[in-house]
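# Understanding the architecture of this molecule
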Amino acid sequence: MDFKNMGDKAILEELGERVMRQRLNRDITQADLAENAGISRGALQRIERGDEFQMGGLIRILRALNLLDQLNLFLPDPGISPRQLARLGSRVRQRASGSRKNGDPDLNGGI
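Quick look at the structure, then. It should be emphasised that the depicted structure is a prediction, and the values quoted were computed from it without experimental measurement. (Residues numbered from 1 in each chain as written. Predicted model: local features only at pLDDT ≥ 70, side-chain atom pairs only at ≥ 80, totals over all residues. Heavy atoms only, no water.)

## Some points on the environment of Arg26
- Within the secondary structure, Arg26 sits in the loop between helix 1 (8–25) and helix 2 (30–37).
- On the accessibility criterion, Arg26 (37% relative accessible area) is partly exposed.
- For the pair Arg26 and Leu65, spaced 39 residues apart in sequence, the C-alpha separation works out to 8.8 Å.
- In this view, Arg26 contacts Leu65 and Leu67; residues no more than four positions away in its chain are not counted.
- Of the polar contacts made by the side chain of Arg26, one reaches the backbone oxygen of Leu65; its length is 2.7 Å. (Helix = DSSP H or I, 4+ residues; strand = E, 2+ residues; numbered from the N terminus. Buried < 20%, exposed > 50% of the residue type's maximum accessible area, 1.4 Å probe, protein only. Contact = heavy atoms within 4.5 Å. Polar contact = N/O pair within 3.5 Å; in protein donor to acceptor, adjacent residues only side chain to side chain.)

## Concerning the nonpolar core
- Within the largest apolar cluster, 13 residues are counted, with the highest numbers of intra-cluster contacts made by Val19, Leu33, Ile39, Leu44, Ile61 and Leu65.
- Those elements that provide at least two residues to this core are helix 2, helix 3 (41–49) and helix 4 (55–64).
- For Ile39, the residues in contact, after removing those within four places along its chain, are Ala34, Leu44, Gly57, Arg60 and Ile61. (Core = buried A, V, L, I, M, F, W, Y, C linked by side-chain atoms within 4.5 Å.)

Right under this line is the structure:
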């Protein structure tokens, strides 16, 4: 699936659809999953419907479905770039330097 060409609402709907398919593939009711996840049934319904949701609710659902390890695929740990490590020595970067005129166009609004 090409998420970068999708709008925010479409991405939320796809995530909700995937949560629902995982739940149905395991033959779990919304009430049971919501209870196991420690969220309200309404919160689960909103996620499955593709409405905006709190990240904590999704984490609880993934934990209840034993899918928490999928977060590594969702947003892998980028680690520290070798260039940054060489420049900073043993220190770990804590802040970004902000946008610059001749920087990465993807990070600077297309400049």
